[in-house]
There are 2 protein chains.
Amino acid sequence: MTDAWTNLEQRLRELNDYGSAIKLLEWDQAAMMPPEGGPARARAIATLEQATHTLFTDPELGDLIHEAGDSPNSDPASLRILNREYDKATRVPGELVRAIAEARGGAYQAWTQARPSSDFSILEPHLEKLLALKKEEADALGWKDERYDALLDQYEPGMTTKEVASMFEELMSGLKPLVEKVLSKVGDRPAFLHETFERDKQMEFCKWLVKELNFNFEEGRVDISPHPFTIQIGAGDVRQTTRPDADDLLMSVYAAVHETGHALYEQGIPVDILDLPIGRHASLGMHESQSRLWENQVGRSRAFTGFLLPQLKEMFPEQLGMITPEDFYRSVNHVERTLIRVTADELTYNLHVGLRFELETRLFRDELAVADLPGAWSDAMDDQLGLRPNGDGDGVLQDMHWSIGAFGYFPTYTLGTIYSAAFFDAAVKELGNLDEELGRGKTERLLEWLRANVHVHGYRYEAKDLAQKVVGGPITAEPLLGYLRDKYTGLYSDSV
Amino acid sequence: MTDAWTNLEQRLRELNDYGSAIKLLEWDQAAMMPPEGGPARARAIATLEQATHTLFTDPELGDLIHEAGDSPNSDPASLRILNREYDKATRVPGELVRAIAEARGGAYQAWTQARPSSDFSILEPHLEKLLALKKEEADALGWKDERYDALLDQYEPGMTTKEVASMFEELMSGLKPLVEKVLSKVGDRPAFLHETFERDKQMEFCKWLVKELNFNFEEGRVDISPHPFTIQIGAGDVRQTTRPDADDLLMSVYAAVHETGHALYEQGIPVDILDLPIGRHASLGMHESQSRLWENQVGRSRAFTGFLLPQLKEMFPEQLGMITPEDFYRSVNHVERTLIRVTADELTYNLHVGLRFELETRLFRDELAVADLPGAWSDAMDDQLGLRPNGDGDGVLQDMHWSIGAFGYFPTYTLGTIYSAAFFDAAVKELGNLDEELGRGKTERLLEWLRANVHVHGYRYEAKDLAQKVVGGPITAEPLLGYLRDKYTGLYSDSV
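In this text the structure is predicted, and so the values were computed from the model without any measurement.

What counts as what
Residues take numbers from 1 onward in each chain, read along the sequence in its written order. Chains carry letters from A onward and ligands carry numbers from 1 onward, assigned in written order. Note on the predicted model: pLDDT of at least 70 is required for a residue's local features to be given, and 80 or more for side-chain atom pairs to be given and counted; whole-chain, interface and lining totals, by contrast, use all residues. With hydrogens and water excluded, all non-hydrogen atoms of the structure serve as input to the side-chain values. Using a 1.4 Å probe on the protein chains alone, a residue whose accessible area is under 20% of its type maximum counts as buried, one over 50% counts as exposed, and one in between counts as partly exposed. Comment: elements are numbered from the N terminus, with helices defined as DSSP H or I runs of at least four residues and strands as E runs of at least two. Two strands make a pair as long as DSSP finds a minimum of two bridges between them. Here, a salt bridge means any Lys or Arg side-chain nitrogen found within 4 Å of an Asp or Glu carboxyl oxygen. As a rule, the C-alpha atoms of each element are fitted with a line to give its axis, helices using only the stretch in contact, and angles between N-to-C directions run from 0 to 180 degrees. It only takes one pair of heavy atoms within 4.5 Å for two residues to be counted as in contact. Between 30 and 60 degrees the pair is tilted, below 30 it is stacked and above 60 it is edge-to-face, where a pair is any two Phe, Tyr or Trp rings, Trp via its six-membered ring, whose centres lie within 6.5 Å. Both a distance and an angle decide whether a charge sits over a ring: NZ of Lys or CZ of Arg must be within 6 Å of the ring centre and within 35 degrees of the ring normal. Each residue gets a pLDDT score, which is the predictor's confidence in that residue and runs from 0 to 100. In superposing the copies, a least-squares fit is computed on C-alpha atoms, taking residues whose pLDDT is at least 70 in both. These domain boundaries are the output of an automatic or database domain assignment. When two parts are brought into contact, each loses some accessible area as probed by a 1.4 Å sphere; the total of that loss over both is the buried area. The definition of a polar contact used here is a pair of N or O atoms within 3.5 Å, where within protein one atom must be able to donate a hydrogen and the other to accept one, and adjacent residues in sequence count solely through side-chain atom pairs. One fewer than the residue count of a helix, multiplied by 1.5 Å, yields its expected span. Put simply, buried Ala, Val, Leu, Ile, Met, Phe, Trp, Tyr and Cys residues joined by side-chain atoms within 4.5 Å make one nonpolar core.

Peer 1: Where do I start with the pairing of strand β1 (residues 220-224) of chain A in this structure?
Peer 2: In the case of a regular strand, side chains alternate between the two sheet surfaces. Residue and element names in this part refer to chain A. Counting buried residues along β1, four of its five residues qualify, which places the element largely inside the surrounding structure. Examined bridge by bridge, β1 and strand β3 (residues 237-242) share five bridges and lie parallel to one another. Paired with G220 across the bridge in β3 is V238.

Here it is in structure tokens:
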């Protein structure tokens, strides 16, 4: 008889192969597929997802996971993850899975109409239904302190609402006065940002930059899609996308740096564990820690912007010829009040996330009704950023997440940002100040450090344990706050 | 209880979804995948192919096919195809399927080494083994007159060796004297063909041309791959590739026209039958009839080359500025003795195929041993084209087909060419002479005719029945011979 672990490994490889096919279908859908291919593509993805679910919830797989604990060669960390995931996958009744899938379909469809019409009432009944089902799901999955824990756990395994709330409180209360001070001093958007930058040249520049940052093109690609993303298709195949917009040079450049952070993480997970449950990112927050670290701590630093500008001038001499390093550094760190999360700057971004986390937890504590969301959004926006939406379109309807049932996802953006600042501090503590090498565009030592301290572990540890291991102590918002205070004190030394 | 046909349709949709995933994995492998993604990709494809085979040979599916005959809504043509394919799929024992897959892997691997070394002995033992297994497979599938029928039937359902041999004999005996005469008169390769043509501009031209030929870009793409091919990923998604070579402008242009012929066929199959067995090409020969018709009867005609040249001159004024329409027409129809099939011209191409068909049938009749293949190849080449290979590399090893066990595939190239000439004659008979419109690049009437007479039927009829239906009588090589005689009489009027 074959060893249970050996059999289990074979099944995991097969599941990964299904996963590769699904991810390629999705990447292609966003980056390559002709417009009319949509309906057939959606069906093909649904079929393979259903097949994957059937393979994964097969009782024989459950038995193998159970028996493999006695196999001499088994990997305990992988079995821990499998136990956890098998348990979750089998706890939610099939009818509920199907009901949620249908409700998501309806709500997403309604959102695509509601947003351009700026009319929440189109989405409202669908969101009511979806929220009720997601509460049922949370109860089926189980939770200890509060229902929202079960949702958070799907994106940030092991993290609790209480822990997030505590970190967020520290961060938001420190951020708000800082934002107020900076906004009182900041000037208008720099004029060169309004120039036009040819899309082809932007792509050429982004590909060059991604390569400079040591993304391996033998094991990956960079393409264009409406929303930038990164996806690992299989071993030796990590793909990122960006979106050049002729009216917004910095957006595509910083999207490329951000996605390269994600992509370097994926390329850094050792190939020999890729077929095991430990062979992937530890959480969405951990993934975001990598993208934010490269985008902000590296990409928006005075040192690295000093490296970038001359390269950009070569590509766009007309538009950028007269720009000084100081102009450029201020521009990539320009702060402004905005209603929209995805275009928010580094300083105000986390206020947008804090607002969403608060509304989500209130929804799941039954303290807030779906019908009251637009008003609650508007009040929270006023409170956090001193702005009120013009309508639902640039308010409560701006993000897709809720319409696809992704409650619990938003906080991982800020968790990742909190991790990123703590990690960068730890890296500098060990490697010494990195300004000189970042000023030359040299990021190899930093990357090696991230490889050795984060990437190599994959999902061997839960994200918060890994984060503590990386920094050698508990994670708090203080490194992020300190970094932002220092940076903006430097930028507005007379005022902050 | 649900109707058997309804259940069957659901299973067919699921099988098509698996097929879409596999085809996308393959397209991407050839056109997009980064180099290091290869091994994981090969495994993912194998896993999904195995899963598809399991789904298709499920005895419950066999029962549904059987029961669906009594369903009031069932499609008899689809059931005929399904019966045939289910029967074939279940006749070959699983161990034999696996043994062939392994032998193919070994032989293909050996071929990739043997070809650059020009050393048949590297491939020989693998090919011996593979051939023996393919004979077993043919016997398991069953045949009436001779074993080779079973192989041919996999690519050209319903076609027999005897029928092919008869058409080929007619064709080859007519071709050989014509080739001799033309070759005795033809001059050197025109000088402009040796110029350099920028690859990017070639791609731009090819995409323009493909669009002119009414390929629908809302439902498809054109990309680059080492070997041009066309693939339908799913409804509304047909993709073709070409390969621009700076030293060979005409190759990429005519590859684009050829692949567009394949692609228009795929785009012409009605969307409402795509999930049924009738919703695809009738045979490889029928597919090739479409690519050859567009490439040769249209693309290499005096009328259409007259349309192409001014467009090409706009793109490549330096290289083509002085070329006359007559020069250009002669160049795209330049004939020469060549050892290599894939670069052979329209006139000599089918001699290369005839040679392979003859060797294949002798192998399967046990009249020729694998060890004697190189010598037999050399003799046949000398006999057909008056040339002997310099070694195995430009002789018996030049094509991949045998190393992957694709015996019975080659004849479909020439069958398609025979169909294409017969179809074009039938189209002209009905539509009138097309020269005037082809001279303006207008191909809509011809396309509509092909849509109505060929594409719309998909696989509702077997290819040879469909072909007879299209031309209103039996298919012979005479239309092709007549077309070639007319064309080359026009080109060398003093001599042929």
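Moving on from the coordinates now.
Peer 1: Which parts of the structure should I look at to understand unusual backbone geometry?
Peer 2: Glycine aside, the phi torsion of most residues is negative, and most peptide linkages are trans. Residue and element names in this part refer to chain A. We note that N214 has phi near 75 degrees; this positive angle belongs to a residue other than glycine. Judged by its relative accessible area of 27%, N214 is partly exposed. One non-glycine residue, D366, lies in the positive phi region at around 60 degrees. Relative to the helices and strands, D366 is located in the loop between α15 (349-364) and α16 (373-385).

Peer 1: Help me out: how do you make sense of the environment of D188(B) in this one?
Peer 2: All names here are of chain B. Locating D188 in the fold gives a position in the loop between α8 (161-185) and α9 (199-212). Judged by its relative accessible area of 75%, D188 is exposed. Taking C-alpha positions, D188 is 9.3 Å from V335, a pair spaced 147 residues apart along the chain.

Peer 1: Honestly, the pattern of salt bridges in this entry has me stumped. Any pointers?
Peer 2: Once the charged atoms of two side chains with opposite charge are near each other, the side chains can pair. With the rule as written, the count across this model stands at 74 salt bridges over all chains. The residue R365(A) makes a salt bridge to E146(A) at a minimum N-O spacing of 2.8 Å. On the criterion of sequence distance, the pair formed by R365(A) in the loop between α15 and α16 and E146(A) in the loop between α6 (120-141) and α7 (148-155) is long-range, its members being 219 residues apart. Judged by relative accessible area, R365(A) falls into the partly exposed class, the value being 38%. Take E146(A): its relative accessible area is 17%, and that puts it in the buried class. Ionic pairing is found between D237(A) and R41(B), a salt bridge with its closest N-O pair at 3.3 Å. Pair noted here: D237(A) is in strand β3 and R41(B) is in helix α2 (residues 38-56), and the two residues belong to different chains. On the accessibility criterion, D237(A) (2% relative accessible area) is buried.

Peer 1: What exactly am I supposed to notice about the sheet that holds β1(A) here?
Peer 2: Neighbouring strands of a sheet are bound in pairs by backbone hydrogen bonds; such pairs are parallel or else antiparallel. Residue and element names in this part refer to chain A. Ordered by their spatial adjacency, three strands build an open sheet running β1-β3-β2, and the pairing between neighbours is mixed. This sheet does not close on itself; its edge strands, each paired only once, are β1 and β2 (230-234). Sheet twist, expressed as the mean angle between neighbouring strand axes with direction ignored, is 25 degrees. In this structure, β2 lies alongside β3, joined through four bridges in antiparallel fashion. Following the sheet pairing, I231 is matched in β3 by R239. Strands β1, β2 and β3 of the sheet are contacted by helix α1 (residues 4-31), whose axis makes an angle of about 140 degrees with β2.

Peer 1: Help me understand the packing of aromatic side chains in this model?
Peer 2: For any pair of aromatic rings, geometry is given as the distance between the ring centres together with the angle between the planes. Residues and elements named next belong to chain A. According to the stated counting rule, one finds 39 aromatic pairs over all chains in the structure shown. Look at F205 and W208: their rings are 5.4 Å apart centre to centre, the planes differ by 45 degrees, and that puts the pair in the tilted class. Of this pair, F205 and W208 both sit in helix α9 (residues 199-212), three residues apart, roughly one helical turn. Relative accessible area serves as the criterion here: at 2%, F205 is assigned to the buried category. Among the aromatic residues, those joined into a cluster by ring pairs are Y148, Y155, F168, Y349, F357, F364, W377, W402, F407, Y409, F410 and Y413. Here the guanidinium or amino end of R356 rests over the ring plane of F410, the centre of that ring lying 5.4 Å away.

Peer 1: Is there a simple way to explain the confidence of the model for chain A in this structure?
Peer 2: Atom-level detail of predicted coordinates should not be read off regions where pLDDT is low. Looking at chain A as a whole, its pLDDT mean stands at 95, while 99% of the residues score no less than 70. Reported confidences for the modelled complex are a pTM of 0.94 and an ipTM of 0.93.

Peer 1: What exactly am I supposed to notice about the relation of the copies chain A and chain B here?
Peer 2: One copy of the chain maps onto the second through a rotation around an axis plus a translation along that axis. For the match of chain A to chain B, the screw axis carries a shift of 0.0 Å, the RMSD comes to 0.0 Å, and the turn is 180 degrees. On the angle and the small slide along the axis, the relation comes out as a two-fold axis. The position closest to the rotation axis in chain A is occupied by the C-alpha of A21(A), lying 3.1 Å away.

Peer 1: Can you walk me through the domain arrangement of chain A in this structure?
Peer 2: It is common to give the size of an interface as the accessible area that goes away when the parts come together. Residue and element names in this part refer to chain A. We note that the domain assignment places domain 1 (4-144) and domain 2 (145-496) within chain A. Here the C-alpha centre of domain 2 lies 26 Å away from the C-alpha centre of domain 1. Listed as interface residues are 45 residues of domain 1 and, on the opposing side, 52 residues of domain 2. Of the roughly 4,200 Å² buried at the junction of domain 1 and domain 2 (both faces included), carbon and sulfur atoms supply 61%. The tally of links from domain 1 across to domain 2 stands at six salt bridges. Salt-bridge contacts for D153 lead to R84; the nearest nitrogen and oxygen are separated by 2.9 Å.

Peer 1: Would you mind showing me how to read the interface of chain A and chain B here?
Peer 2: Each partner contributes to the interface: chain A provides 36 residues, whereas chain B provides 36 residues. The largest contributions to the chain A side of the interface with chain B come from D17(A), P34(A) and R43(A), which together make up 21% of the buried area. Here chain A and chain B share eight salt bridges between them. There are 19 residue pairs in polar contact (both at pLDDT 80 or more) connecting chain A and chain B. For the side of chain A that touches chain B, the elements supplying multiple residues, two or more each, are α1, α2 (38-56), β1, β2 and β3 of chain A. The leading source of residues in the side of chain A that touches chain B is α1(A), at eleven residues.

Peer 1: Explanation requested: the pairing of strand β3 (residues 237-242) of chain B in the structure shown.
Peer 2: The buried fraction of β3(B) amounts to six of the six residues, a majority that puts the element mostly inside the structure. Along β3(B), one buried face is formed by D237(B), R239(B) and T241(B) and the opposite face, lined by V238(B), Q240(B) and T242(B), is buried too.

Peer 1: So what exactly am I meant to see when it comes to helix α21 (residues 478-491) of chain A here?
Peer 2: A turn of α-helix holds 3.6 residues, and therefore any two residues three or four places apart point the same way. For α21(A), spanning 14 residues, the distance from its first C-alpha to its last is 20 Å, which sits close to the expected 20 Å at 1.5 Å a residue. All buried positions along α21(A) are accounted for by P479(A), L480(A), L481(A), G482(A), Y483(A), L484(A), K487(A), Y488(A) and L491(A).

Peer 1: I would appreciate a short explanation of the nonpolar core in the present structure.
Peer 2: Within soluble globular proteins, side chains that are nonpolar tend to cluster in buried spots. Ranked by size, the top nonpolar core spans 149 residues in total, and within it L8(A), M286(A) and W294(A) carry the most contacts. Ranked by residues supplied to this core, first place goes to helix α17 (residues 411-431) of chain A with eleven residues. Each of domain 1 (4-144) and domain 2 (145-496) of chain A accounts for three or more of the residues forming this core. Sequence-distant contacts of M286(A), defined by excluding residues within four places in its chain, comprise E156(A), Y265(A), Y419(A), F423(A), V454(A), A463(A), L466(A) and A467(A). If you look at the next biggest cluster of nonpolar residues, it comprises 140 residues, including L133(B), F364(B), L373(B) and Y488(B).

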